[in-house]
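In case you want the letters, here they are:
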Amino acid sequence: MAERETFEDAGYIRYSDMLDRLQQRFPDIATRRVAQIVAAEIDAITGGVPPIVPAEVETGASEMLEREHLRARPDGEVA
C-alpha cells in the first residue's frame, strides 16, 4: 500500500489540465469515461469529501442557504 501524503505535502494540479493530459495519453478512451475514472479515484482517495474547495463554494452555498432560510415556514417546512 502506498504511503499517504499529508495535506501540506501533497501537490495540487488543475483538474482540467489533468483531464487533458490523460485524454492525450489515452486518446482511444472517451472523455466521459476518463472523467468517470478520475471521479472514482478522487472518491477513493478522499472518501468522497474533498479536502479543499474553491472559496466561492462557501459563498454560493451561503447564498442558497439564506434563500432557503427566508422561505422556511415557522413550522420548519420549506415553502
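Residues numbered from 1 in each chain as written. Predicted model: local features only at pLDDT ≥ 70, side-chain atom pairs only at ≥ 80, totals over all residues. Heavy atoms only, no water.

Next up on the list: the overall build of the chain. Within the chain one finds 3 helices and 0 strands. Going from N to C terminus, the chain has its helices and strands arranged as α-α-α. For the chain, the residues scored as buried account for 6% of the 79 residues in total. Accessible surface for the chain amounts to roughly 7,300 Å². Of this, 57% is attributable to carbon and sulfur atoms. (Helix = DSSP H or I, 4+ residues; strand = E, 2+ residues; numbered from the N terminus. Buried < 20%, exposed > 50% of the residue type's maximum accessible area, 1.4 Å probe, protein only. Areas by Shrake-Rupley, 256 points an atom, 1.4 Å probe, with all protein chains shown as cover.)

With 16 residues, helix 2 (residues 31-46) ought to run about 22 Å at 1.5 Å a step, and its terminal C-alpha atoms sit 22 Å apart, in line with that. The positive-phi residue at the C-terminal boundary of helix 2 is Gly47, with phi of around 70 degrees. (Expected span 1.5 Å × (residues − 1).)

Counted under the stated rule, the structure contains 1 salt bridge. In this structure, Arg14 and Asp17 form a salt bridge, with 3.7 Å as the shortest nitrogen-oxygen distance. Look at Asp17 and you get partly exposed, because its relative accessible area is 32%. (Salt bridge = Lys/Arg side-chain N within 4 Å of Asp/Glu carboxyl O.)

This part takes up the confidence of the model for the chain. Summarising the model, the chain shows a mean pLDDT of 84, and 78% of its residues fall at 70 or more. Per-element averaging of pLDDT across the chain places helix 3 (residues 55-71) at the bottom with 91 and helix 1 (residues 15-25) at the top with 94. (pLDDT = per-residue confidence, 0-100.)

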